[in-house]
2 protein chains.
Amino acid sequence: MLQISALEKLVHELSKLPGIGPKTAQRLAYYVLKNKDTYPEKLKEGLERVQAEVHECPHCFNFTDADLCIFCEDQNRRNDLVCIVEEPSDISRIESSGVYNGRYHVLHGALSPLEGVGPEQLKLKELMLRLETEEIKEVILALDSDLEGDTTVLYISRLVNGKGIRLSRIAQGIPIGSDIDYIDERTMGRALQNRIEI
Amino acid sequence: MLQISALEKLVHELSKLPGIGPKTAQRLAYYVLKNKDTYPEKLKEGLERVQAEVHECPHCFNFTDADLCIFCEDQNRRNDLVCIVEEPSDISRIESSGVYNGRYHVLHGALSPLEGVGPEQLKLKELMLRLETEEIKEVILALDSDLEGDTTVLYISRLVNGKGIRLSRIAQGIPIGSDIDYIDERTMGRALQNRIEI
């Protein structure tokens, strides 16, 4: 990086972003430099506004800039249905499907003994409180299809068991529009097991 | 973006970065949010240091945080050889080849009538001044292999013509390690024209 320490520092920080390797970070830093009179100020403003305005919804732990997030605030959503997600960003995926009309609960992660993420690091106590105090009849687990997601599904299913609450996990199978040729063996196995009679 | 205006602003700013589309920008913004207590402050610091410390070298227009850039400062480089590049970032590519030991001159762009970039937007007057006042014997054009690069090569070759300065452009041909199958027709045409006798 041409031995400019300020530039190296910026590249270092940018390369912490997900999916941004050192080469991309260098390209981004040069963009910042090329537009030094306008861009850094605007990006800083964006960062500052997020720092100042965005916080977790105290009810479902989605991000919000209000007292409650828009999904907790919404009067037209079912109160007896809660969808559990790992991250706030997962909510927009579910919303974009247009088939869900209940509430949310964000865990902020998934159980991972390897990375030292235990139940106390997730919003699980807060989930139990909701299950005990709200009239929730059904819980949908929309967690990632990986080891951490599977572990968390197992853990939550034990917590919810015996409370008279319906518990389900979103279906695993081949993605719509995908070519069978490109489906991995585990997904195909799951798709066969979970086949739907027509 | 879940109707949080501060988050939308941040996504908007991040998506201005080269190669960062709206989806990636959203992912980056969520990373910022997830690490709201530590990351934004560090990135802001990186931006501020670049704003405060980095400027153009008054001699070659490379970026630097000193009076002159490291290549203008270096006593062990040839003074009679100048390599012209479009952007400061191009210099590190040339340096990494390890075969160049002259000075640099950064144009900060290339001629593009379509985008309204004329000679006066580039560091061409400054280049002419160097060619007139310094004892430069050879100029190497290391510009992009695109329309803008070609236009700029033509323009500079007219400027330099008749000054008794050797002018060359870096070779165009097939990249080393590349598969002939994947070479586009124009590159192949150029590689054939520029074939080297062995």
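A.B. asks: Talk me through the sheet that holds strand β5 (residues 138-142) of chain A; I want residue IDs and the actual numbers.
C.D. replies: Residue and element names in this part refer to chain A. Taken together, 4 strands build an open sheet; the order of strands is β4-β3-β5-β6 and the sheet is parallel. Each end of this open sheet is capped by a strand with a single partner; those strands are β4 (103-106) and β6 (166-169). Averaged over neighbouring strand pairs, the angle between their axes works out to 25° when direction is ignored. Two strands pair when backbone bridges link them, and β5 and β6 are joined in this way by 4 bridges, in the parallel orientation. Among the inter-strand pairings, V139 is bridged to a residue of β6, identified as L167. Against the sheet, helix α6 (residues 124-133) contacts β3 (81-85), β4 and β5, and its axis sits at roughly 150° relative to β4.

A.B. asks: Quick rundown of the environment of D67 of chain A? Include the residues and the values.
C.D. replies: Residues and elements named next belong to chain A. Looking at the element boundaries, D67 is found in the loop between β2 (63-64) and α4 (70-73). Relative accessible area serves as the criterion here: at 68%, D67 is assigned to the exposed category. For the pair D67 and E8, spaced 59 residues apart in the sequence, the C-alpha separation amounts to 39 Å.

A.B. asks: So what about the relation of the copies chain A and chain B? Which residues, and what values?
C.D. replies: Of the two same-sequence chains, chain A is brought onto chain B (RMSD 0.1 Å, axial shift 0.0 Å) by a rotation of 180°. Here the two chains are linked by the operation of a two-fold rotation axis. No C-alpha of chain A approaches the rotation axis more nearly than that of K44 of chain A, which lies at 2.9 Å. Comparing interface residues between copies, 100% of those in chain A also sit at the interface in chain B, which points to an isologous, same-surface contact.

A.B. asks: Before we move on, could you go through the interface of chain A and chain B and cite the residues and values that matter?
C.D. replies: Each side of the interface is counted separately: chain A has 53 residues, and chain B has 53 residues. Summed over both partners, the interface of chain A with chain B comes to about 5200 Å²; 67% of that surface belongs to carbon and sulfur atoms. Seen at the junction of chain A and chain B, the total is 6 salt bridges. A salt bridge links E48 of chain B to K44 of chain A; the shortest N-O distance between them is 3.4 Å. Seen at the junction of chain A and chain B, the total is 16 residue pairs in polar contact (both at pLDDT 80 or more). Of all the elements in the fold, those that place two or more residues in the side of chain A that touches chain B are α1 (5-14), α2 (22-34), α3 (39-53), β2, α4 and α5 (88-97) of chain A.

A.B. asks: Residue-level account of the confidence of the model for chain A, with values.
C.D. replies: All names here are of chain A. Of all residues in chain A, 99% attain a pLDDT of 70 or more, and the chain-wide mean is 92. The secondary structure element of chain A with the lowest average pLDDT is helix α8 (residues 185-193), at 84, and the one with the highest is β4, at 97. This prediction of the complex comes with two scores: 0.80 for pTM and 0.79 for ipTM.

A.B. asks: Explain the pattern of salt bridges to me, using residue names and the numbers behind them.
C.D. replies: If you walk through the whole model with that rule in mind, you get 30 salt bridges over all chains. K9 of chain B is the salt-bridge partner of E45 of chain A, the closest N and O atoms lying 3.6 Å from each other. A residue pair is termed interchain when its members come from two chains, as with E45 of chain A in helix α3 and K9 of chain B in helix α1 (residues 5-14). Under the relative-accessibility criterion, E45 of chain A is labelled partly exposed at 41%. We note a salt bridge from E138 of chain B to R166 of chain B, for which the minimum N-O separation is 3.7 Å. With E138 of chain B in strand β5 (residues 138-142) and R166 of chain B in strand β6 (residues 166-169), this residue pair connects regions lying 28 residues apart in the sequence. With a relative accessible area of 16%, E138 of chain B lands in the buried category. Overall, R166 of chain B belongs to the exposed group, its relative accessible area being 57%. Taken together, the salt bridges that share partners define one network made up of K9, E13 and K16 of chain A together with E45 of chain B.

A.B. asks: Any details on the packing of aromatic side chains? Residues and values, ideally.
C.D. replies: This structure, assessed with the given rule, holds 8 aromatic pairs over all chains. Taking the centre distance of 6.2 Å and the plane angle of 25° together, the rings of F63 of chain A and Y30 of chain B count as stacked. With one member in each of two chains, F63 of chain A in strand β2 and Y30 of chain B in helix α2 (residues 22-34) form a pair that bridges those chains. For the residue pair F63 of chain A and Y30 of chain B, the accessibility class agrees, reading buried in each case. On the numbers, 5.2 Å between centres and 55° between planes, the contact of Y100 of chain B with Y104 of chain B is tilted. Assessed through its relative accessible area of 11%, Y100 of chain B is described here as buried. One aromatic cluster in this structure is built from F71, Y100 and Y104 of chain A.

A.B. asks: So what about the environment of R186 of chain B? Which residues, and what values?
C.D. replies: Residues and elements named next belong to chain B. Here R186 shows up in helix α8 (residues 185-193). For R186, a relative accessible area of 59% translates into the label exposed. Sequence separation between R186 and I170 is 16 residues, and the spatial gap between their C-alpha atoms is 16 Å.

A.B. asks: Any chance you could break down the layout of surface pockets for me, citing the residues and the numbers?
C.D. replies: Residues and elements named next belong to chain B. Space inside the largest pocket adds up to approximately 700 Å³. In terms of lining residues, the largest pocket is bounded by 26 residues, among which L143, S145, I170, A171 and Q172 are the most central. For the lining of the largest pocket, the secondary structure elements donating two or more residues are α5 (88-97), β5 and α8. At 5 residues, the largest contribution of residues to the lining of the largest pocket is made by α5. The class makeup of the residues in the lining of the largest pocket is 12 nonpolar, 6 polar and 8 charged.

Rules used in this analysis
Residues numbered from 1 in each chain as written. Chains lettered and ligands numbered in written order. Predicted model: local features only at pLDDT ≥ 70, side-chain atom pairs only at ≥ 80, totals over all residues. Heavy atoms only, no water. Pairing = 2+ DSSP bridges. Helix = DSSP H or I, 4+ residues; strand = E, 2+ residues; numbered from the N terminus. Axes fitted to C-alpha atoms, helices over the stretch in contact; angles between N-to-C directions. Contact = heavy atoms within 4.5 Å. Buried < 20%, exposed > 50% of the residue type's maximum accessible area, 1.4 Å probe, protein only. Least-squares fit on C-alpha atoms with pLDDT ≥ 70 in both. Buried area = accessible area lost by both parts, 1.4 Å probe. Salt bridge = Lys/Arg side-chain N within 4 Å of Asp/Glu carboxyl O. Polar contact = N/O pair within 3.5 Å; in protein donor to acceptor, adjacent residues only side chain to side chain. pLDDT = per-residue confidence, 0-100. Phe/Tyr/Trp six-rings, centres within 6.5 Å; stacked < 30°, edge-to-face > 60°. 1 Å grid on protein atoms, 1.4 Å probe; cavity = no way out; pocket = protein on both sides within 12 Å on 5 of 7 lines; lining within 4 Å. Points joined across faces, edges and corners; volume = space filled by probe spheres on them. Nonpolar A, V, L, I, M, F, W, Y, C, P; charged D, E, K, R; others polar.

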